[in-house]
Amino acid sequence: MAAAGAVSRVATGAITWVAPGAITGVATAAISGVATGAITSAATATWATVTAGTTSVGRPRSASSEVAVSNDGEQHDPPPVLTHDDGVIAIDTLTAGMTDVTAGYLIDAPRPALIECGPALTIASVLQGLAALGLGPNDLAYLVLTHIHLDHAGGAGDVAAAFPNATVVVSEHGARHLAEPDRLNASSARVYGPLFDTVYGACTPVPAARLRSVADRDELDLGAGRVLELLHTPGHAKHHLGVVDPDIGAVFSGDSVGVQLPGMTELRPATPPPEFHLDAALRSLDRYRQRAPGRIYLAHYGPVEPADAVLDQAEEQLRRWVEVAEQARDEAHTLGLTGTHELDHVAETLQHRFHVQPPATEEAGGGDTADDADDADVTDDAGSLDDARLRLLNDTRANAAGLLRYLHRRDTGELTALG
Ligand SMILES: [Zn+2]
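Since the structure is predicted, the reported quantities are computational estimates derived from the model, not experimental observations. (Residues numbered from 1 in each chain as written. Predicted model: local features only at pLDDT ≥ 70, side-chain atom pairs only at ≥ 80, totals over all residues.)

Here we look at the overall build of the chain
Thought 1: What the chain contains, in helices and strands, is 12 helices and 16 strands.
Thought 2: Classification of the 419 residues of the chain by burial places 51% in the buried group.
Thought 3: In the chain, the proportion of contacts linking residues at least 24 apart, taken out of those at least 6 apart, comes to 66%. (Helix = DSSP H or I, 4+ residues; strand = E, 2+ residues; numbered from the N terminus. Buried ≥ 20, exposed ≤ 12 C-beta atoms within 10 Å, placed from the backbone. Contact = placed C-beta atoms within 7 Å.)

So this is what it looks like as structure tokens:
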């Protein structure tokens with residue numbers, strides 16, 4: 001507990017910035033044993049919710065949390081912040097007002113780097129969290145974006161404005177869309193539908209002079225010998241970057257390894273249109289393997305390990321999803337289904353095969369919980385909330401659409417090496 005007015009920070013890693021007068025607190029990560037042979041969330045760590053004057057430590061905010069944030073310039077509660085045992089500080093972006101959907105990761109170094117910032121709509125809360133950690137306006141050196149999908153990068157312009165010294169680091173294949181996000185916003189509005197306004201918000205532009213567009217294997221110097229390696233890892237998106245931190249043996253994988261929310265026992269691949277590319281995705285996993293990391297930080301959500309088993313599972317899941325989608329597509333053609341009906345059939349088949357049963361609806365009598373969730377108030381109970389999280393960021397229908405497009409382009413010879 002921090003006394004009012006004191007600066008208090010307890011963390012396993014070395015913290016190099018302290019804002020005078022700021023009340024900060026980060027709980028020491030209490031790491032539990034990792035079961036051998038199993039892929040686990042890497043740390044059962046203690047959460048700290050940083051509030052003015054006190055540090056309260058508890059579990060992540062519950063599903064029915066009253067958290068409501070918007071990018072309206074008002075004062076916001078800082079988001080849950082968690083320091084892992086390797087010093088990586090996870091900041092919950094509170095995407096859609098929900099915990100455990102999208103994380104930003106702050107790397108503590110002489111030149112601190114934030115990896116991912118989340119969507120524009122909830123960026124005020126993330127900025128509040130960075131301030132509560134003691135980061136002054138001149139302290140952030142880098143915002144690193146694994147890719148420019150709005151759930152990862154939508155708030156980049158706001159971060160650039162709040163931290164005038166920060167360089168926004170993005171793939172050379174995605175940079176121009178951040179400087180002039182009109183096309184990005186227009187295509188995102190088409191993909192997300194109503195969620196564009198209610199969950200993401202429009203990406204605000206990053207001044208071109210603030211962007212650093214990087215190529216494969218470029219390095220980012222964080223000072224004191226700490227260097228991040230940036231790998232071009234297409235598959236989920238053509239312009240995807242993986243961030244390797246050799247100092248702690250970690251990879252920040254964005255969406256390239258898949259999605260595994262707390263409570264899920266296995267990864268789900270993220271295969272959205274229009275750029276999903278199986279071979280590129282598999283090559284990207286191989287490139288991570290070559291770095292032999294111990295731990296992988298998923299944007300959705302949190303660290304998983306051991307990394308070699310995670311990468312094997314990611315590969316297996318990618319192959320299975322493509323295989324099931326291909327069978328379902330062929331079946332649809334046999335049945336004479338085309339267009340939306342073909343997509344429906346593939347999505348339903350994937351849903352049936354890979355559905356993650358939300359815990360709270362297991363006893364509900366075997367109904368199709370995915371359909372039921374359409375009408376559910378997502379804050380009603382833990383089950384519908386889990387389902388809502390998954391649907392928000394790893395919707396089976398979006399995966400089906402991406403897989404169908406991939407199969408079509410593969411079979412018509414339209415694929416390039418990247419997507
Ligand atoms: Zn993405």
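A short note on helix α5 (residues 182–192)
Thought 1: Of the residues making up α5, those classed as buried are Leu184, Asn185 and Ser188. Angular distribution of buried residues about the axis of α5 spans 95°; they occupy a single face of the element. Exposed residues on α5 whose side chains face more than 90 degrees from its buried face are Asp182, Arg183, Ala186, Ser187 and Arg190.
Thought 2: Of the surrounding secondary structure, the elements contacted by the buried residues of α5 are α2 (150–153), α4 (175–179) and α6 (195–200). (Arc of directions from axis to C-beta.)

Re the environment of Pro164
Thought 1: Relative to the assigned elements, Pro164 resides in the loop between α3 (156–162) and β9 (167–171).
Thought 2: With 27 residues separating them in the primary sequence, Pro164 and Pro137 have C-alpha atoms 6.8 Å apart.

Considering the nonpolar core
Thought 1: Of all hydrophobic cores here, the largest spans 100 residues; its most connected members are Tyr105, Ala113, Leu143, Ala156 and Val168.
Thought 2: Ranked by residue count, the leading element in this core is helix α8 (residues 307–334), at 8 residues.
Thought 3: Split by domain, the residues of this core number at least three in each of domain 1 (40–232) and domain 2 (319–411). (Core = buried A, V, L, I, M, F, W, Y, C linked by C-beta atoms within 7 Å. Domains from an automatic or database assignment.)

Re unusual backbone geometry
Thought 1: Note the cis peptide between His300 and Tyr301, where omega equals 0°.
Thought 2: Along the chain, Tyr301 turns up in the loop between β15 (295–298) and β16 (302–305).
Thought 3: In the segment running from Glu305 into Pro306, the intervening peptide bond is cis, with an omega of 0°.
Thought 4: Mapped onto the elements, Pro306 comes out in the loop between β16 and α8.
Thought 5: Unlike most non-glycine residues, Ala96 shows phi in positive territory, near 65°.

A look at helix α7 (residues 278–290)
Thought 1: Given a rise of 1.5 Å per residue, 13 residues ought to cover 18 Å, and the 19 Å separating the end C-alpha atoms of α7 matches this to within 8%.
Thought 2: In the core, the buried residues of α7 are packed alongside β13 (241–245), β14 (250–254), α8 and α12 (396–411).
Thought 3: Immediately downstream of α7, the backbone of Ala292 shows phi near 45°, a positive value. (Expected span 1.5 Å × (residues − 1).)

Observations regarding the packing of α7 against α8
Relative placement of two packed helices is described by the angle separating their axes and the distance separating the axes.
Thought 1: It is at 10 Å that the axes of α7 and α8 come closest, and there the two elements cross at 175°. Compared by their axis directions, α7 and α8 come out roughly antiparallel. Judged by residue contacts, Leu278, Ala281, Leu282, Leu285, Tyr288 and Arg289 of α7 engage Asp308, Leu311, Ala314, Glu315, Leu318 and Val322 from α8.
Thought 2: Here the residues of the contact of α7 with α8 sort into 9 nonpolar, no polar and 3 charged. (Axes fitted to C-alpha atoms, helices over the stretch in contact; angles between N-to-C directions. Parallel < 35°, antiparallel > 145°, perpendicular 65-115°, else oblique. Nonpolar A, V, L, I, M, F, W, Y, C, P; charged D, E, K, R; others polar.)

Let's talk about the pairing of β14
Thought 1: Extensive coverage of β14 is indicated by the burial of 5 of its 5 residues.
Thought 2: The two faces of β14 match: Ala250, Phe252 and Gly254 on one face and Val251 and Ser253 on the other face are all buried.
Thought 3: The sheet contact formed by β14 and β15 spans 4 bridges and is parallel. Each residue of the ladder has a partner; that of Ala250, found in β15, is Arg295.
Thought 4: Read as a crossover between parallel neighbours, the route from β14 over α7 to β15 is right-handed. (Pairing = 2+ DSSP bridges. Right-handed = clockwise from strand over helix to strand, strands pointing away.)

Observations concerning the packing of α8 against helix α9 (residues 339–354)
Thought 1: With their axes 9 Å apart at the nearest point, α8 and α9 run at an angle of 140° to one another. It follows from the interaxial angle that α8 and α9 lie oblique. Judged by the twist between their axes, the crossing of α8 over α9 is right-handed. Each of Trp321, Val324, Ala325, Ala328, Arg329, Glu331 and Ala332 in α8 lies in contact with α9, whose residues at this interface are Glu342, His345, Val346, Thr349, Leu350 and Arg353.
Thought 2: Residue composition of the contact of α8 with α9, grouped by class: 7 nonpolar, 2 polar and 4 charged. (Left-handed = near helix turned anticlockwise from the far one by under 90°.)

What to know about the pairing of strand β6 (residues 103–107)
Thought 1: Burial of β6 is extensive: 5 of the 5 residues sit out of reach of the surface.
Thought 2: Burial along β6 is two-sided: the face carrying Ala103, Tyr105 and Ile107 and the face carrying Gly104 and Leu106 are both buried.
Thought 3: Looking at chain direction, strand β5 (residues 89–92) and β6 are connected through 4 bridges and run antiparallel. Bridge pairing links Ile89 to Leu106 in β6.

Here we look at the environment of Arg111
Thought 1: The topology assignment puts Arg111 in the loop between β6 and β7 (113–115).
Thought 2: Residue classification places Arg111 among the partly exposed residues on the basis of 19 C-beta atoms within 10 Å.
Thought 3: Along the backbone, Arg111 and Arg226 are 115 residues apart, and their C-alpha atoms lie at a distance of 9.2 Å.
Thought 4: Setting aside anything within four residues of it in sequence, one finds Arg111 in contact with Ala141, Tyr142, Leu222 and Gly223.

Section: the confidence of the model for the chain
Close inspection of predicted coordinates is inappropriate for parts of the model with low pLDDT.
Thought 1: Scored by pLDDT, the chain has a mean of 79; 74% of the residues are at 70 or more.
Thought 2: Below a pLDDT of 50 lies the segment residues 1–38, which in the model reaches 80 contacts outside its immediate sequence neighbourhood of four places, other chains included. (pLDDT = per-residue confidence, 0-100.)

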